[in-house]
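Report on the structure
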Amino acid sequence: MADAPQRSRAAKKRWGRSPWTIDFHPLPRSLPEQVDFAVVGGGFTGLAAAAWLRRLAPEKRVSLFEAEQIGAGASGNTGGMVLAESSAGDLPGLGDVLGGFGGTIAELGVDCDLDLRGAWEIGRRGGRKDSPISWSDSATLRVVNEVAGGAVDPGKLVSQLARAGDRLGVHIYEGIRIDDIAFQNPLCLKLGAKEIRAENVLIATNAQSLELSGLAGRAEPKFTLAVATEPLTPAQLEVLGLSSGKPFYTVDLPYLWGRLLPTGGVIFGSGLIDVENWRELADIDIDAGRAAELIARIERRVRGLDPVLKSIGFTHWWGGPILIAEDWSPVFVHHRRSDRVIVLGAYAGQGVALSVYLGRWAAEAMLGLRQLPDWV
Ligand SMILES: Cc1cc2nc3c(=O)[nH]c(=O)nc-3n(C[C@H](O)[C@H](O)[C@H](O)COP(=O)(O)OP(=O)(O)OC[C@H]3O[C@@H](n4cnc5c(N)ncnc54)[C@H](O)[C@@H]3O)c2cc1C
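Residues numbered from 1 in each chain as written. Predicted model: local features only at pLDDT ≥ 70, side-chain atom pairs only at ≥ 80, totals over all residues.

1. Some thoughts on the overall build of the protein
Across its full length, the protein carries seven helices and 18 strands. At 20 Å, the protein has a C-alpha radius of gyration in line with the 21 Å of a compact globule built from 376 residues. Expressed as lengths along the three principal axes of its C-alpha atoms, the size of the protein is roughly 60 × 40 × 35 Å. Looking at the 376 residues of the protein, the share that counts as buried comes to 50%. Across the protein, every contact between residues at least 6 apart in sequence was considered, and the portion connecting residues at least 24 apart equals 76%. (Helix = DSSP H or I, 4+ residues; strand = E, 2+ residues; numbered from the N terminus. Rg over C-alpha atoms; globule rule 2.2 N^0.38 Å. Buried ≥ 20, exposed ≤ 12 C-beta atoms within 10 Å, placed from the backbone. Contact = placed C-beta atoms within 7 Å.)

The following block contains the structure:
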């Protein structure tokens, strides 16, 4: 075994605090010298893939390396709406995302409060006459359609995917940033002066480490934001048209999405910050500059939606990274430099169900049980 890992000293990020709690962290352990499968990135994608690899191949050595803590990227800062398909809609050969997501978490024993009561598309034109929602947001927002979907508790999803992986024998390392990969046989992951050899690698770093994934210049990292209100009473939720508990998102612009919390608070999200380079994501401060402006704008919009919200207080303000690739389609490809490296991510703003669904698929592809999809 190599020496005990040096925890990477990433600057403390100021992305705010989401309402979710991640209550699992792996015990520190020595870094391996060689593994069969290395997974880089401890969000939903990497955690689901790693757990599934061990579930299908318990004899293989599977290690997951996370630069900060599990869920530190988008997954611990997400809204937790689960939706079918992808940001680019249905794609050739994509299959049943929601069914696959539900089946995978059930088989892994992950209880993340999955609630598939449906979701509302809301818009400023073509609203249904019976729309329970009638909000003022540059025009009147009403329900235009109901789609399959719902919500999860993302903190539980991160924690329990990691716990499932740990139980199945995945070695999860936090504070380990992979700097580079040498494309030799076996592959060689580099972290500082240390090296870990791996037969196969999954890169699931989403909007970060784009040189590692080979996505620099091919996909755009962005930062998006959300707030949570203080709890509303059932009567207030009724007035807002939210007593059904269905999450919602606009189908026109300006974009607004949201969902109910178990406390009765409501999350509202909107806004994108552009960055030239993914490294700038780490410098974003939710209390300063463009992020603070966008948070103030969301608060103003929320307070203007309905008189019930005019003086509402907020309990959480936060944001996180997303990655947008060409046509908003997820990236699920072999790395340009090696067929033994798979790159998976770039779900734009719609990756909760998709990341787990495709993470499982990636594990099956790495084991030679399945091909990569047709849409790429
Ligand atoms: C505010 C917000 C709200 C959202 N709301 C929704 C929603 O309601 N519904 C929905 O479907 N989607 C939503 N999304 C998108 C969804 O959360 C993401 O698509 C999903 O979480 C992506 O998971 P991931 O595992 O691919 O990436 P991430 O969760 O970003 O994980 C990548 C991980 O890789 C690690 N990493 C990076 N570089 C390295 C390296 N070199 N070495 C080791 N580790 C590294 C990072 O620290 C990070 O933990 C939202 C996103 C945000 C930011």
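2. Description of the confidence of the model for the protein
Caution applies to low-pLDDT regions: their predicted coordinates should not be interpreted in detail. Considering every residue of the protein, the mean pLDDT works out to 95; 97% of them sit at 70 or more. Contacts for the low-pLDDT stretch residues 1-10, under 50 throughout, to residues beyond four places or in other chains number 21 contacts. (pLDDT = per-residue confidence, 0-100.)

3. Some points on the site of the ligand
In the vicinity of the ligand there are 43 residues, among which Gly43, Gly73, Gly79, Gly320 and Gly351 approach most closely. Counting residues per element, the ones that place at least two in the shell around the ligand are helix H1 (44-56), strand S2 (62-66), strand S3 (81-83), strand S12 (219-229), strand S16 (314-325) and helix H7 (352-366). Per element, the largest residue contribution to the shell around the ligand is four residues, and it comes from S16. (Near = placed C-beta within 6 Å.)

4. Structural notes on H1
Its 13 residues give H1 an end-to-end C-alpha distance of 18 Å, which sits within 8% of 18 Å, the value for a rise of 1.5 Å per residue. In terms of residue burial, H1 counts as a mostly covered element, since twelve of its 13 residues are buried. Among all positions in H1, only Phe44, Thr45, Gly46, Leu47, Ala48, Ala49, Ala50, Ala51, Trp52, Leu53, Arg54 and Arg55 are buried. (Expected span 1.5 Å × (residues − 1).)

5. Details of helix H6 (residues 289-305)
Between its first and last C-alpha atoms H6 spans 25 Å; for 17 residues at 1.5 Å apiece the expected length is 24 Å, and the two agree. Taken together, the buried positions of H6 are occupied by Ala291, Ile295, Ile298, Arg301, Val302 and Leu305. Around the axis of H6, the buried residues are gathered within 125° of arc, so they sit on the same side. Turned more than 90 degrees away from the buried face of H6 sit Gly289, Glu293, Ala296 and Arg300, all of them exposed. Taken together, the buried residues of H6 touch strand S5 (134-136), S12, strand S15 (266-274) and S16. (Arc of directions from axis to C-beta.)

6. Digging into the nonpolar core
Ala38, Val40, Leu47, Ala49, Leu161, Leu202 and Ala362 are the most contacted members of the largest nonpolar core, which has 117 residues in total. Looking at which element gives the most residues to this core, the answer is H7, with eleven residues. Residues in contact with Ala49, not counting those within four places in the same chain, are Val39, Leu202, Ala204, Gly359, Arg360, Ala362 and Ala363. (Core = buried A, V, L, I, M, F, W, Y, C linked by C-beta atoms within 7 Å.)

7. Description of the sheet that holds S5
If you walk across this open sheet you meet the eight strands as S5-S6-S4-S13-S14-S15-S12-S16, and the pairing is mixed. Edge strands, defined here as strands with exactly one partner in the open sheet, are S5 and S16. When the angles between neighbouring strand axes are averaged without regard to direction, this sheet yields 30°. Pairing analysis gives three bridges linking strand S4 (residues 119-123) to strand S13 (residues 248-250), with the strands arranged parallel. Bridge assignment links Ile122 to a residue of S13, and that residue is Thr250. (Pairing = 2+ DSSP bridges. Axes fitted to C-alpha atoms, helices over the stretch in contact; angles between N-to-C directions.)

8. Section: unusual backbone geometry
Looking along the chain, the bond that leaves Asn185 and enters Pro186 is cis, with omega of -5°. Examined against the element boundaries, Pro186 turns out to sit in the loop between strand S9 (180-182) and strand S10 (187-191). For the bond running from Leu253 to Pro254, omega is 0°, close enough to zero to count as cis. If you trace the backbone, Pro254 turns up in the loop between S13 and strand S14 (257-260). Backbone geometry at Ala348 places phi at a positive 55°, although glycine is not the residue there. Relative to the helices and strands, Ala348 resides in the loop between strand S18 (338-345) and H7. According to the C-beta neighbour criterion, Ala348 is buried, with 21 such atoms within 10 Å.

9. Here's the deal with the pairing of S4
With respect to burial, S4 is a largely interior element, four of its five residues being buried. As defined by bridge partners, S4 adjoins strand S6 (residues 140-147) across five bridges and the pair is classed as antiparallel. Of the residues in S6, the one forming a bridge with Trp120 is Glu146.

10. A look at the environment of Glu174
Here Glu174 lies in strand S8 (residues 171-174). The spatial distance from the C-alpha of Glu174 to the C-alpha of Ile196 is 15 Å, given a sequence separation of 22 residues. Excluding residues within four positions of it along the chain, Glu174 makes contact with His25, Pro26, Glu66, Gln69 and Ile70.

11. As for the packing of H1 against helix H3 (residues 154-168)
Their axes nearest at 9 Å, the elements H1 and H3 cross at an angle of 25°. With respect to H3, the axis of H1 lies roughly parallel. The chirality of how H1 crosses H3 is left-handed. Residues Phe44, Leu47, Ala48, Ala50, Ala51, Arg54 and Arg55 of H1 form the contact with H3, whose participating residues are Leu157, Val158, Leu161, Ala162, Ala164, Gly165 and Leu168. Its residues placed into classes, the contact of H1 with H3 shows eleven nonpolar, one polar and two charged. (Parallel < 35°, antiparallel > 145°, perpendicular 65-115°, else oblique. Left-handed = near helix turned anticlockwise from the far one by under 90°. Nonpolar A, V, L, I, M, F, W, Y, C, P; charged D, E, K, R; others polar.)

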